[in-house]
Each structure stands twice: as structure tokens, then as C-alpha cells.
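Given next are the chains, with one letter for each unit.
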Amino acid sequence: MAFELPNLPYDYDALAPYMSRETLEYHHDKHHLAYVTNGNKLAEDAGLSGLSLEEVVKKSYGTNQPLFNNAGQHYNHIHFWKWMKKGGGGTSLPGKLDAAIKSDLGGYDKFRADFIAAGTGQFGSGWAWLSVKNGKLEISKTPNGENPLVHGASPILGVDVWEHSYYIDYRNARPKYLEAFVDNLINWDYVLEMYEAATK
């Protein structure tokens, strides 16, 4: 299945001032497009172009690093755009998610602190995640394009901490970017959709 660059689910100005038009133009139109273009070529060369994206990510992990880098980043970004929305973030979570965060992670405030700490503590490029593993929520971080799929978990929320995701708007202040993401951008409805799919 060929990789395709999805359209953003909102206008390029929709996430301002927390994520600017310029950041989205570079991040979506250039960086994500490059993962799609390179990933398609590498998947075809590896004879994996007929598989789903999730299967390509899992099969290439530890066996074909260039393909894994691009396929992993394509998967991550498809969801990253949907994990944000205008007027998002904050503490008004859907009931089922709120209950799971209380029981598995010690409540919203602890989730917020631990999620931001995971993103801040990821050395160099990578991601911070909220995932379902063995029926429970967990917070983790991964380097580069790696994601929880290859560690037996189902990601339901992720934040990109590569510099191209925040440097135009925040320069080197990664914690401020992460605070803005959690407090003002998270699309909790999409997180719930992924949580429900992961806990079926």
C-alpha cells in the first residue's frame, strides 16, 4: 500500500499561536513529504510495498533501518496531525479516558507532568508517548522515528520533539513547546478514538 501525504485536518493558521503556519508548512509540506517519498521507494526496493503501514514499520524494525526511519516517521506524523486541534488540550477529557488516566497514571496532573518530562528528557530527536500496553496506559519516550508499535504497545497520543517541530516557534525551549501542546493543542477526541481501538 503506497504511502500518501495526508492533508492537514485544519488550516495552516488554525493552531497559532501555539504552532505557527510557518512550522506547519515546513513540518508537513517538507519533512513529512520527504518521509513519504523516501518510504515509498525504500518499501518498493524491499518488496514490502504491498503491506499496511503498521506491518512495514514492524517488519523493518531492526532489519532495514532506512525504511524503518521513514515508515516510522510517516506513521507517527499521520497521527500527530490528528492529535492536535484548534482549542484543544486542557483538562476536559472524555470520561473513559479520564478514568483510565486516574487509575493507570495517578490522575491528570501526574500524567501532564510525566508526559512533559518524557518529552523534555528525550535526548536529541524523538517522541514522547501515551500508549496502551497489556490493557494499561503507560508513558514512554523513543529516539528518532521509533514508536511503541515495535515495543508491543498501541500508541494513543504522541508528541514530536524533533527540533523541526518547535524551533521556529520556541527556539530551544522544548519544555515550553510541550506545555503548549498539552495545555492548548491535544485533540482528546482522537486520543479517545485510538484508546477505544486499542482496548477492544
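Residues numbered from 1 in each chain as written. Predicted model: local features only at pLDDT ≥ 70, side-chain atom pairs only at ≥ 80, totals over all residues. Heavy atoms only, no water.

## Let's talk about the overall build of the protein chain
Logical step 1: Within the protein chain one finds eight helices and three strands.
Logical step 2: In sequence order, the protein chain lays out its α and β elements as α-α-α-α-α-β-β-β-α-α-α.
Logical step 3: Counting only C-alpha atoms and orienting by the principal axes, one finds that the protein chain spans roughly 45 × 40 × 30 Å.
Logical step 4: Expressed as a percentage of its 200 residues, the buried residues of the protein chain come to 48%.
Logical step 5: Carbon and sulfur atoms provide 50% of the accessible area of the protein chain, an area that totals close to 9,300 Å².
Logical step 6: Charged side chains of the protein chain number 19 positive and 24 negative; the gap between the two group centres comes to 4 Å. (Helix = DSSP H or I, 4+ residues; strand = E, 2+ residues; numbered from the N terminus. Buried < 20%, exposed > 50% of the residue type's maximum accessible area, 1.4 Å probe, protein only. Areas by Shrake-Rupley, 256 points an atom, 1.4 Å probe, with all protein chains shown as cover. Lys, Arg positive; Asp, Glu negative; His and termini not counted. Charge placed at Lys NZ, Arg CZ, Asp CG, Glu CD.)

## Describing the packing of aromatic side chains
Logical step 1: Following the criterion strictly, the structure yields 13 aromatic pairs and no others.
Logical step 2: Ring centres of Y166 and Y167 lie 6.3 Å apart, and the angle between their planes is 45°; on these two criteria the pair is classed as tilted.
Logical step 3: For Y166, a relative accessible area of 3% corresponds to the buried category.
Logical step 4: Since its relative accessible area comes to 34%, Y167 is described here as partly exposed.
Logical step 5: One aromatic cluster in this structure is built from F80, W81, W83, W127, W129, F181 and Y190.
Logical step 6: Lying over the aromatic face of Y26, K30 brings its terminal NZ or CZ to 5.1 Å of the ring centre. (Phe/Tyr/Trp six-rings, centres within 6.5 Å; stacked < 30°, edge-to-face > 60°. Lys NZ or Arg CZ within 6 Å of the ring centre and 35° of its normal.)

## Overview of the sheet that holds strand β3 (residues 154-160)
Logical step 1: Taken in spatial order, the three strands of this open sheet run β2-β1-β3, and their pairing is antiparallel. Both outer strands of the open sheet, β2 (136-143) and β3, are each paired with one neighbouring strand and no more. This sheet shows a mean twist of 20° between the axes of neighbouring strands, independent of strand direction.
Logical step 2: Where strand β1 (residues 126-133) meets β2, eight bridges bridge the pair, whose relative direction is antiparallel. Across the sheet, the residue bridging to W127 is T142, located in β2.
Logical step 3: Relative to β3, helix α8 (residues 188-198) is tilted by about 150°, and along the sheet it contacts β1, β2 and β3. (Pairing = 2+ DSSP bridges. Axes fitted to C-alpha atoms, helices over the stretch in contact; angles between N-to-C directions. Contact = heavy atoms within 4.5 Å.)

## A look at helix α1 (residues 21-45)
Logical step 1: Over its 25 residues, α1 extends 35 Å from the first C-alpha to the last, a length consistent with the 36 Å expected when each residue adds 1.5 Å.
Logical step 2: Buried within α1 we find T23, L24, H27, H28, H32, Y35, V36, G39 and A43.
Logical step 3: Taken from the residues just after α1, G47 is the one with a positive phi, measuring 70°. (Expected span 1.5 Å × (residues − 1).)

## Things to note about the pattern of salt bridges
Logical step 1: In total, this model carries 10 salt bridges according to the counting rule given.
Logical step 2: Note that R21 is salt-bridged to D13, the shortest N-O span being 3.0 Å.
Logical step 3: Between E25 and R21 there is a salt bridge, with its nearest N and O atoms 3.0 Å apart. Taken together, the residues span about one helical turn, with E25 and R21 both in helix α1 at a distance of four residues.
Logical step 4: Overlapping salt bridges bring together D11, D13, R21 and E25 as one network. (Salt bridge = Lys/Arg side-chain N within 4 Å of Asp/Glu carboxyl O.)

## With respect to the domain arrangement of the protein chain
Accessible area lost upon the coming together of the parts serves often as the stated size of an interface.
Logical step 1: On domain assignment, one finds that the protein chain holds domain 1 (21-81) and domain 2 (95-198).
Logical step 2: One C-alpha centre belongs to domain 1, the other to domain 2; they are set 20 Å apart.
Logical step 3: If you look at the interface, domain 1 gives 18 residues, while domain 2 gives 22 residues.
Logical step 4: Carbon and sulfur atoms supply 63% of the area buried between domain 1 and domain 2, which totals about 1,700 Å² over both sides.
Logical step 5: In terms of surface lost to domain 2, no three residues of domain 1 exceed T23, N76 and F80, which account for 31% of the buried area on that side.
Logical step 6: At the junction of domain 1 and domain 2, the tally comes to zero salt bridges.
Logical step 7: Taken together, the connections running from domain 1 to domain 2 amount to nine residue pairs in polar contact (both at pLDDT 80 or more). (Domains from an automatic or database assignment. Buried area = accessible area lost by both parts, 1.4 Å probe. Polar contact = N/O pair within 3.5 Å; in protein donor to acceptor, adjacent residues only side chain to side chain.)

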